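Analysis of the macromolecular model
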Amino acid sequence: MNSKTNLASVYDPHTLEKEVYRRWEESDSFSPSGDGESYCIMIPPPNVTGSLHMGHAFQNTLMDALTRFHRMKGRKSLWQAGSDHAGIATQMVVERLLLAEGESRTELGREKFIDKVWEWKANSGGTITNQLKRLGASLDWSRERFTMDEDLSTAVREVFVSLYEEGLIYRGKRLVNWDPVLKTAISDLEVISEEEHGFLWHFKYPISNSSEHVVIATTRPETMLGDTAVAVHPDDERYAHLVGKTVILPLIDREIPIIADDYVDSEFGTGCVKITPAHDFNDFAVGERNNLEVINVMTPEANIDLAGTPYHGLNRTQARAKVLEDLTQLDLIDKVENHKYKVPRGDRTDQVIEPFLTDQWFVKVKPLAEPAIEAVKNGSIKFVPKNWERTYFDWMENIEDWCISRQIWWGHRIPAWYDEHGNVFVARSEDAAMQKAKAVHGDIEIHLRQDEDVLDTWFSSALWPFSTLGWPKKTEELEFFYPTNVLVTGFDIIFFWVARMIMFGLKFADDIPFHEVYIHGLVRDAEGQKMSKSKGNILDPLDLIDGIDLENLVAKRTRGLMQPDLVPKIEEATRKQYPDGIPAFGTDALRFTFARLATQGRDIRFDLNRIEGYRNFCNKLWNAARFVLMNCKGVRPYSVDEFQPATTAEKWIVSKLHETTLTIEQSFAIYRFDIASKHLYEFIWDEFCAWFIEIAKVMLRDESVDEQCKNSLRKTLLMVLDATVRLLHPLMPYITEEIWRKIRAENEDNSIMFQDFSSDRSQWADADERATEEMDWMKAVVSNVRNIRSDMNMKPGERVAAYCHSNNPKDLEYFQNNLSCIMELSKLKSLEKLNDSDIQSMNMSNTISALINEFRIIVPVQEITDFDEQIKRLEKDIDTQTIQIRRSNSKLENQQFLTKAPADIIDKERTRLASSQKELAELIARREKLTEMMIQ
RNA sequence: GGGUGCUUAGCUCAGUUGGUAGAGCGCCGCCCUUACAAGGCGGAGGUGGUAGGUUCAAUUCCUACAGCGCCCACCA
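Everything numeric here is computed off the predicted structure, so don't read it as measured data.

**Let's talk about the overall build of chain A**
A count of helical and extended segments in chain A gives 32 helices and 28 strands. Taken over C-alpha atoms, the radius of gyration comes to 37 Å for chain A, far larger than the 30 Å a tight globule of 936 residues would show. Out of the 936 residues in chain A, the part that is buried amounts to 54%. Sequence-distant contacts, at least 24 apart, represent 77% of the contacts inside chain A between residues at least 6 apart. When the accessible surface of chain A is totalled, it reaches about 42,700 Å², and 47% of it is carbon and sulfur. Both charge centroids of chain A, one from 114 positive and one from 149 negative side chains, sit 4 Å from each other.

See below:
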């Protein structure tokens, strides 16, 4: 019996959490159940190569809280699990592993390499999903999906073919962002441009048949090998006479025209620009306008590809050096200036990206973007916080076609087949392509070759909200859960993912993919730095849950660094910051910390002090539960109907509970996890523990309190604890499950996960005003006595006698009702009520008194040693009140204020003035008293 | 260059229809009181980035400026 109803004496999250999660999983608690309205969240599928970082932990805590909240509210809830094949990232990981074993991707060949990737996925791909379980994530694992699953691949082909047939996917030779290390095209979004130091070189290009030359400026000397024109602004009078003439391109001796084009900024450099259409996006556009030749001078590796020249085979750096050297020899360098400019680098490789002319597949995005813009404009989809909508519009309204082909192997292969003549057949399968081919060629033998490229990973991600639910099949799940309720994600993938899901959802699933988009901030370290491996400031959420010793932490932070020379610095910083490693805080504390920090529109700084505080909060709750369970043995869990609070304190705590419940429900509805967690914390710690339990202790111990009343108290203790853990469950699933199961120990198999989040207790709110007034009065009396005690340096345990006086009937009633609580909570030996004549005759020297409304409480004191300090403190309070009175007076004397301010504000000001005056009188009296005592 | 966010107690941050400010941690003092020292009680600490404006009244609305940050953009 005891083991069943008692909680372990020490809060130990570690064993508790594993056991609880195991039970949930075994009882299949995460699948949608019940017959309520649908609630659905799609997990942003983590990369299959990933491991859980703080961002994931934060984001998934919020999603889990939402899912649990709505599940408890009775909705049939699905949190869809799954992961993303992450084309480039995964290919790089597996390639690196192969390399370590002495194998290479190219030697292995496409088929075998892909087999290797699947093999790797089977062995190591589940890391992050297992880590999510440690977070308490109630994802429906039975529905777990992978973007390369057969069903999802079918969806990808379906979408591709449909778009192609509609003319919204096309293939073409375009200048694209080319990563020369990966040797693939990447999208605009995958290019990160950062300002770097460089030079602006001024070259002299000789004018044909003339001794003159023009001076052009460039940051990329090596691309001059591919120049096909020099351009000036049409209105630039300095060069007007040159337009139409030609220059001889140095080193190559190619004759190229001088043209006029608006693109040129006359103010910049010399006002003459070299035009290299094959290696610059702007120049490409200029070339198209002016019918310039497009000369590619680079290989896919970004080496110079000019057979017969001395530059052939040189890489970019070498080529630049040689071009500069050769031009110097020819005295064609006019000058060199320092120059800051933006260098585009690939987000995966950090290598300089080249504009490169290749055949690629593109999505024509504008027609898709229009309805997607409209969906947000008309409020069908709401961003939270709303200001992200502007970011969304800015991008969507200026959207460029999306390059979706990638020259890698791991991914969805493009469903396009070519015959020997270069005809392309886009179809859902090779057979279907063959049929299309035969329709063209007749029934002859045709050899089809599938396109080598795969699709951008984000292409399949864009389908995630409906492909995971079975689309293109019309499944029940699709019907029931789509559109989903909310997407929880970071601002960094609004363009990559959110926008594309909206476009594709509207296009193919005939509806928006989600009603709301909750954008959360970035998790940074305690100093506000972005967490990154190379900074060595990464916190692993699992280390916060389980704890980690210093040596392991150092090892973890310094292992596998891209720049090994950073090791000593990182080690030193880590040893300094965590001399004792990181203690175990437990999942609930971590989750609560995230919730508490999740303020809107702001990044969050993760500070260990914060999580420690919330670990303490878990401990507080744990011990409060222990107290309740210990004192309520044999008390049957109440039902709402039979609940009838007997005492004022009960009425008060129940109305507080009701108030808290409402706040939390409202907060969840607007994604204010910070507000919800704040109110939970305050209710539990400052109301339930600090006052109600303390009152209950007094009354349960008080022999004059009858048994019926005590039983009512016990029921209320249990009832409030029960209700509280349910309110807390979405944020702290483990500890609340454990406590709740002890409360409801009669039913082993049940889980808090499926209990009502809150019952309708609105009828209890009626009790609150009276009860709250009385409780506030009692708290004020106790606080005042405590204050006097502390000021007078009385020992906390020392019982003192006290007296009180009031002629107000209400005070006297409250006094009667709360006598034992006041005495116990303020550690009084006695509390004698004085009448008017007692007060008159009483020797008030050596006493300190306080006034609560009209209720005066008088505490005799001895042995005051620090009069000066006490008087100084009083004088400060006197000053404060004096200033307040002056301020109130000046307001109340201001005719403008009296005529223009609303009546309630004026009343409030009058009340404030009155209470300040009363307070001031008290303070002055106390000061007089002290002065008097000091003189004695 | 365009956009956007932030600037409130030592630190990290709250403050939703304008009525002069709160929390956690830290700090100071007293306590191991039978749920909890991962605790209890009490306390100190803020000219709300700067300068104007609107208003009886501004942390809250408007303008300008400063500092920090982020996003977007084709200036060689």
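**Re helix α22 (residues 608-631)**
Given a rise of 1.5 Å per residue, 24 residues ought to cover 34 Å, and the 35 Å separating the end C-alpha atoms of α22 matches this to within 8%. Structurally, the start of α22 carries an N-cap: the backbone nitrogen of Asn609 is 3.0 Å from a side-chain oxygen of Asp607.

**Some details on the layout of surface pockets**
For the second largest pocket, the calculated volume is near 1,300 Å³. Around the second largest pocket, the lining is made up of 43 residues, and of these Thr219, Arg220, Asp280, Tyr341 and Lys342 lie nearest the centre. With seven residues, the single largest contributor to the lining of the second largest pocket is strand β12 (residues 333-346). Split into classes, the residues belonging to the lining of the second largest pocket amount to 15 nonpolar, 15 polar and 13 charged.

**Considering the pattern of salt bridges**
Within the structure shown, the criterion is met by 56 salt bridges. Of the charged contacts in the structure, one is a salt bridge between Asp359 and Lys173, with a shortest N-O distance of 3.8 Å. Taken together, the residues span a long stretch of sequence, with Asp359 in strand β13 (residues 354-363) and Lys173 in strand β4 (residues 169-179) at a distance of 186 residues. When salt bridges with common partners are traced through the structure, they connect Arg220, Glu222, Arg316, Arg320 and Glu354 into a single cluster.

**With respect to the packing of aromatic side chains**
Counting across every chain of the model gives 45 aromatic pairs. Taking 5.4 Å as the distance between ring centres and 45 degrees as the angle between the ring planes, the aromatic pair formed by Phe383 and Tyr392 counts as tilted. A relative accessible area of 3% means that Phe383 is categorised as buried. Ring centres of Tyr681 and Trp685 lie 5.5 Å apart, and the angle between their planes is 25 degrees; on these two criteria the pair is classed as stacked. On the criterion of helical spacing, the pair formed by Tyr681 and Trp685 is a turn pair, its members being four residues apart in helix α24 (residues 673-701). On the basis of relative accessibility, which here comes to 24%, the residue Tyr681 falls in the partly exposed class. Taken together, the ring pairs connect Phe160, Tyr164, Trp361, Trp402, Phe459, Phe466, Trp471, Tyr482, Phe504 and Phe508 into an aromatic cluster. Across from the ring centre of Trp409, 4.6 Å away, lies the NZ or CZ of Arg105, which sits over that ring. The ring of Phe627 has Lys697 sitting right over it, with the charged end atom 5.8 Å from the ring centre.

**What to know about the sheet that holds strand β19 (residues 449-450)**
Remark on secondary structure: sheet strands pair via backbone hydrogen bonds, oriented parallel or antiparallel. Strand order in the open sheet made by the three strands is β18-β17-β19, with antiparallel pairing throughout. In this open sheet, the two edge strands, each paired with only one partner strand, are β18 (424-426) and β19. Sheet topology note: the strand β17 (residues 416-418)/β18 ladder contains three bridges and is antiparallel. When the bridges of β18 are listed, Ala416 appears paired with Val426. Sitting on the sheet, helix α13 (residues 430-441) touches β17 and β18, and the angle it makes with β18 is about 135 degrees.

**Topic: empty space enclosed by the protein**
Inspection of every chain in the model, using the stated rule, returns one cavity of 30 Å³ or more. Its volume calculated, the largest cavity comes out at about 40 Å³. If you trace the largest cavity, you find it lined by Phe58, Tyr518, Ile519, His520, Gly521, Ala598, Thr599, Gln600, Gly601, Arg602 and Ile604. With three residues, the single largest contributor to the lining of the largest cavity is strand β22 (residues 514-520). Residues belonging to the lining of the largest cavity are distributed by class as follows: five nonpolar, five polar and one charged.

**Concerning the environment of Val861**
Note on placement: Val861 falls in the loop between β28 (855-860) and α30 (867-893). Residues contacting Val861, with those up to four places away along its chain left out, are Met792, Met794, Asn846, Thr847, Ile848 and Met933.

**Topic: the confidence of the model for chain A**
With 97% of its residues at a pLDDT of 70 or more, chain A has an overall mean of 89. Both confidence scores are given for the complex: pTM 0.92, ipTM 0.94.

**Some words on the packing of α30 against helix α32 (residues 903-935)**
Between α30 and α32, whose axes approach to 9 Å, the crossing angle comes to 155 degrees. By the angle between their directions, the pair α30 and α32 is classed as roughly antiparallel. In this structure, α30 meets α32 at a crossing whose hand is left-handed. Broken down by class, the residue content of the contact of α30 with α32 amounts to 14 nonpolar, nine polar and ten charged.

**Side note on the protein's contact with RNA strand B**
As a matter of local geometry, RNA strand B sits amid 54 residues, with Asp265, Phe268, Lys876, Arg887 and Lys900 nearest to it. Sugar plus phosphate, as a fraction of atoms of RNA strand B within 4 Å of the protein: 59%. Residue Asn787 places a side-chain N or O atom 3.0 Å away from a phosphate oxygen belonging to RNA strand B. Within the contact set of RNA strand B, a sugar or linking oxygen lies 3.1 Å away from a side-chain nitrogen or oxygen of Ser790. Put simply, the parts of the chain that give the surface near RNA strand B at least two residues each are β7 (213-218), β12, α22, α24, α27 (768-791), α30, α31 (895-900) and α32. For the surface near RNA strand B, the leading source of residues is α22, giving ten residues. Split by residue class, the surface near RNA strand B holds 20 nonpolar, 16 polar and 18 charged.

**Overview of the state of the cysteines**
What makes a disulfide is a covalent bond joining the sulfur atoms belonging to two cysteines. Applying the stated criterion across every chain, the model contains zero disulfides. Cys709 supplies the cysteine sulfur nearest to Cys632, a cysteine that is in no disulfide, at a spacing of 13 Å.

**Observations regarding the sheet that holds strand β9 (residues 246-249)**
The four strands lie next to each other as β9-β10-β8-β11, forming an open sheet whose pairing is mixed. In this open sheet, the two edge strands, each paired with only one partner strand, are β9 and β11 (272-275). Direction aside, the axes of adjacent strands within the sheet are offset by 30 degrees on average.

**Focus: the nonpolar core**
Core analysis: the biggest nonpolar cluster contains 215 residues, and Phe459, Phe504 and Phe606 have the highest contact counts within it. In terms of residue count, α24 provides more of this core than any other element does, 15 residues in total. Dropping the residues within four chain positions of it, Phe504 is found in contact with Val159, Leu163, Leu368, Trp402, Phe459, Ala462, Leu463, Phe466 and Ala509. If you look at the next biggest cluster of nonpolar residues, it comprises 37 residues, including Ile207, Met224, Ile258 and Tyr311.

**Some details on the packing of helix α2 (residues 13-26) against helix α26 (residues 733-743)**
Between α2 and α26, the least distance of the axes is 9 Å, while the angle of their chain directions is 80 degrees. As far as their axial angle goes, α26 and α2 are roughly perpendicular. Touching Leu16, Glu17, Val20, Tyr21, Arg23 and Trp24 of α2 are Pro733, Tyr734, Ile735, Glu737, Glu738 and Arg741, all from α26. Of the residues in the contact of α2 with α26, the class split is seven nonpolar, no polar and five charged.

Rules behind the numbers
- Residues numbered from 1 in each chain as written.
- Chains lettered and ligands numbered in written order.
- Predicted model: local features only at pLDDT ≥ 70, side-chain atom pairs only at ≥ 80, totals over all residues.
- Heavy atoms only, no water.
- Helix = DSSP H or I, 4+ residues; strand = E, 2+ residues; numbered from the N terminus.
- Rg over C-alpha atoms; globule rule 2.2 N^0.38 Å.
- Buried < 20%, exposed > 50% of the residue type's maximum accessible area, 1.4 Å probe, protein only.
- Contact = heavy atoms within 4.5 Å.
- Areas by Shrake-Rupley, 256 points an atom, 1.4 Å probe, with all protein chains shown as cover.
- Lys, Arg positive; Asp, Glu negative; His and termini not counted.
- Charge placed at Lys NZ, Arg CZ, Asp CG, Glu CD.
- Expected span 1.5 Å × (residues − 1).
- Polar contact = N/O pair within 3.5 Å; in protein donor to acceptor, adjacent residues only side chain to side chain.
- 1 Å grid on protein atoms, 1.4 Å probe; cavity = no way out; pocket = protein on both sides within 12 Å on 5 of 7 lines; lining within 4 Å.
- Points joined across faces, edges and corners; volume = space filled by probe spheres on them.
- Nonpolar A, V, L, I, M, F, W, Y, C, P; charged D, E, K, R; others polar.
- Salt bridge = Lys/Arg side-chain N within 4 Å of Asp/Glu carboxyl O.
- Phe/Tyr/Trp six-rings, centres within 6.5 Å; stacked < 30°, edge-to-face > 60°.
- Lys NZ or Arg CZ within 6 Å of the ring centre and 35° of its normal.
- Pairing = 2+ DSSP bridges.
- Axes fitted to C-alpha atoms, helices over the stretch in contact; angles between N-to-C directions.
- pLDDT = per-residue confidence, 0-100.
- Parallel < 35°, antiparallel > 145°, perpendicular 65-115°, else oblique.
- Left-handed = near helix turned anticlockwise from the far one by under 90°.
- Near = heavy atom within 4 Å.
- Disulfide = S-S within 2.5 Å.
- Core = buried A, V, L, I, M, F, W, Y, C linked by side-chain atoms within 4.5 Å.

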